[in-house]
Every structure is written in C-alpha cells, then in structure tokens.
Amino acid sequence: MNLFYAITGEDVPNSLEKRLSARPAHLARLNQLKDEGRLLLAGPFPAIDSPDPGPAGFSGSLIVAAFDGLEAAQTWADADPYVAAGVYAHVSVKPFKRVLP
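Attention in this report is confined to the structure presented alongside it. (Residues numbered from 1 in each chain as written. Predicted model: local features only at pLDDT ≥ 70, side-chain atom pairs only at ≥ 80, totals over all residues. Heavy atoms only, no water.)

### As for the side chain of S61
Moving on, step 1. Among the structural elements, S61 can be located in strand β3 (residues 58-67).
Moving on, step 2. Judged by its relative accessible area of 4%, S61 is buried.
Moving on, step 3. One polar contact links S61 to R19, side chain to side chain, over a distance of 2.7 Å.
Moving on, step 4. Setting aside residues no more than four positions away along its own chain, S61 makes contact with I7, T8, G9, R19, G43, P44, F45, Y82 and Y88. (Helix = DSSP H or I, 4+ residues; strand = E, 2+ residues; numbered from the N terminus. Buried < 20%, exposed > 50% of the residue type's maximum accessible area, 1.4 Å probe, protein only. Polar contact = N/O pair within 3.5 Å; in protein donor to acceptor, adjacent residues only side chain to side chain. Contact = heavy atoms within 4.5 Å.)

Here it is in structure tokens:
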C-alpha cells in the first residue's frame, strides 16, 4: 500500500547554478512519479517573497509523493539529482497524512 511522504530539501547557499544544471534530471524523476499517479505536489521555496526570485534563487524544495514505505521514500530522495549535484545541504523524509483537500 502506498502512503504519502514529504521530502524536504534545504539548499546550500548560492545553489542556483547547481539547481539549473541538475534541473532537467530532477524534473524527469518528478514527471515519472506524476505519470505513475504518485505525485501529490512538488515545488521549490523561493529565497525571497516572489514567485520568480531571479538571481536570489531558492532555499529548498518540497515533494509530497506516494511510496511503499519510509525506506523506499528515503532511497528515492537519496538518489535525487539535486543531492548528487550538491544542491541540497540536508534532505528530510517524513510520513505525510493528507487531510485536505
């Protein structure tokens, strides 16, 4: 049975160039989850109060998706291209209970 997990990545300082480089591979993995019907939501946290932070970049990301268990979610998160590219300083994976909508 698939349960939801919240994956939160916190960016290293000045991560924008690394993000842009790894973004196509990162999005490909998210699109695979979406195509499998497992992605609830995903997106970055702008570093400033703006939908387009420009050169300020982003401070992290949130992904909420369904996995078979915490270990599977952690394994998926550990294999993210943003991890390999050094975008994230820290990644946390926690069970997520969807209440609304």
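Now that the structure has been shown, the text picks up again.
### Describing the packing of aromatic side chains
A ring pair, where both rings are aromatic, is described by two values, the distance of the centres and the angle of the planes.
Moving on, step 1. In total, this model carries two aromatic pairs according to the counting rule given.
Moving on, step 2. Between the aromatic rings of F67 and W76, the centroid separation amounts to 5.7 Å while the plane-to-plane angle is 50 degrees, which identifies the pairing as tilted.
Moving on, step 3. Their ring planes at 80 degrees and their centres at 5.6 Å tell us that Y82 and Y88 sit as a pair that is edge-to-face. Residue Y82 shares its accessibility class with Y88, and that shared class is buried. (Phe/Tyr/Trp six-rings, centres within 6.5 Å; stacked < 30°, edge-to-face > 60°.)

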